[in-house]
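# Fold and contact review
The chain contents come next:
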Amino acid sequence: MERGITIKSAEDIEKARRAGQLAAEVLSVVAPHVKPGVSTEVLDRICHEHIVKVQRAVPANLGYHGYPKTILTSVNQVVCHGIPSPDKILKKGDIVNIDVAVNHGGWFGDTSRMFFVGAPSVLARRLVETTYEAMRAGIRQVRPGATLGDIGQAIQTVAQRERFSVVREYCGHGIGQVYHEKPDVLHYGQRGEGLTLEAGMVFTIEPMLNAGLRDTRTLADGWTVVTKDRSLSAQWEHMVAVTPEGYEVLTGWPEGTGAYAPV
């Protein structure tokens, strides 16, 4: 086993599952508020209050390496790590990723999903739906004996079919009692290559796809990552446990998958 990778017991996975369910619940709570005219600061406040006052959990992003907010709100050409702001007002046609992480009883839950603000453009809808399909394809590779390369290739294949690009600077990660731990879960790769999966591993799969080129740059705030060519970007994220039979999604949405195919 590669150094730094922890194998979780059934009891551990139950704790990770609870944290993951809480993170997913936050996305469900904030969903009705994602609409034109609302600032990303308001969305952050809603999530913060639910985590702290209702769940009695800890917002894992707040203060992490100095990050100033509870959630990450990445709108349109923002790839990831967008900082909520009272000045960022959502408008019709926007797409936005909301990324939530909580700490509950010393275990981390981490998940994100895309939202349409009003009716999206044809390209935006195709990008968002393809990125979800890519995440789903990656998750469906998870089972003991599979490799991280199997996951990466499945994601990359879906993206390339639609002529979208896969961001390479950011990846999924192991998670448990540590927010970000090994292994790194790349969203591109070759079948049969990389770490072999074992039951008890827990990690995120969170592909970021761009409508244009895969190149990114980080803004002066040190956090916000955007596409270099200003093309749209989308991301979805689930926490997954490797089970003896295959996989379990630990961050399933309370309201189900709606129009999206179940993982």
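Residues numbered from 1 in each chain as written. Predicted model: local features only at pLDDT ≥ 70, side-chain atom pairs only at ≥ 80, totals over all residues. Heavy atoms only, no water.

So, about the packing of helix α3 (residues 122-139) against helix α4 (residues 148-161). With their axes 7 Å apart at the nearest point, α3 and α4 run at an angle of 155° to one another. It follows that α3 is roughly antiparallel to α4 by the angle criterion. Handedness of the α3/α4 crossing: right-handed. Judged by residue contacts, Thr-130, Glu-133, Ala-134, Ala-137 and Gly-138 of α3 engage Ile-151, Ala-154, Ile-155, Val-158 and Arg-161 from α4. (Axes fitted to C-alpha atoms, helices over the stretch in contact; angles between N-to-C directions. Helix = DSSP H or I, 4+ residues; strand = E, 2+ residues; numbered from the N terminus. Parallel < 35°, antiparallel > 145°, perpendicular 65-115°, else oblique. Left-handed = near helix turned anticlockwise from the far one by under 90°. Contact = heavy atoms within 4.5 Å.)

Further remarks concern the nonpolar core. Formed by 35 residues in total, the largest nonpolar core has its most connected members in Val-142, Ile-151, Leu-197, Phe-203, Ile-205 and Trp-236. Listed by contribution, the elements that provide at least two residues to this core are α3, α4, β9 (202-205) and β14 (238-242). Element by element, the count of residues in this core is highest for α3, at eight residues. With sequence-adjacent residues up to four places away left out, Ile-151 is seen in contact with Gly-138, Gln-141, Val-142, Val-185, Leu-197, Phe-203 and Ile-205. Of all hydrophobic cores here, the second largest spans 20 residues; its members include Leu-43, Ile-51, Ala-57 and Val-117. (Core = buried A, V, L, I, M, F, W, Y, C linked by side-chain atoms within 4.5 Å. Buried < 20%, exposed > 50% of the residue type's maximum accessible area, 1.4 Å probe, protein only.)

So, about the sheet that holds strand β12 (residues 225-227). One open sheet holds the three strands; their spatial order is β3-β12-β11, and the pairing between them is antiparallel. Whereas interior strands pair on both sides, the edge strands pair on one side only; in this sheet they are β3 (78-80) and β11 (216-218). Averaged over all pairs of adjacent strands, the angle between strand axes in this sheet comes to 40°, irrespective of strand direction. The pairing of β11 with β12 spans three bridges and is classified as antiparallel. Within β12, the position partnered with Thr-216 by the bridge is Thr-227. (Pairing = 2+ DSSP bridges.)

If you trace the backbone, Glu-181 turns up in strand β8 (residues 181-185). For Glu-181, a relative accessible area of 13% corresponds to the buried category. Polar contacts involving the side chain of Glu-181 include one to the side chain of Thr-6, which spans 3.2 Å. Here the side chain of Glu-181 touches Lys-8 through a polar contact of 2.6 Å, side chain to side chain. Look past the residues within four positions of Glu-181 in its chain and what remains in contact with it is Thr-6, Lys-8, His-173, Gly-174, Ile-175 and Gly-176. (Polar contact = N/O pair within 3.5 Å; in protein donor to acceptor, adjacent residues only side chain to side chain.)

Here the focus is the environment of Ala-119. Looking at the element boundaries, Ala-119 is found in the loop between β5 (107-116) and α3. Overall, Ala-119 belongs to the exposed group, its relative accessible area being 65%.

To continue, consider the packing of helix α1 (residues 10-30) against helix α2 (residues 40-54). Contact geometry for α1 and α2: axes closest at 10 Å, N-to-C directions at 135°. Classified by the angle their axes make, α1 and α2 are oblique. Viewed along their axes, α1 and α2 form a crossing whose handedness is right-handed. Residues Glu-25, Val-26, Val-29 and Val-30 of α1 touch α2, and the partners they reach there are Leu-43, Ile-46, Cys-47, His-50 and Ile-51.

Attention shifts here to the environment of Leu-219. The topology assignment puts Leu-219 in the loop between β11 and β12. When the C-alpha positions of Leu-219 and Val-78 are compared, they lie 10.0 Å apart, and in sequence the two are 141 residues distant.

Time to look at unusual backbone geometry. The peptide bond linking Lys-182 to Pro-183 adopts the cis configuration, its omega dihedral lying at 10°. With respect to the secondary-structure elements, Pro-183 resides in strand β8. With a phi angle near 55°, Asn-76 is a residue other than glycine that sits in the positive phi range. Structurally, the position occupied by Asn-76 is in the loop between β2 (72-75) and β3. Located in the positive-phi region is His-81, a residue other than glycine, with phi close to 65°. Tracing the backbone shows His-81 in the loop between β3 and β4 (95-104).

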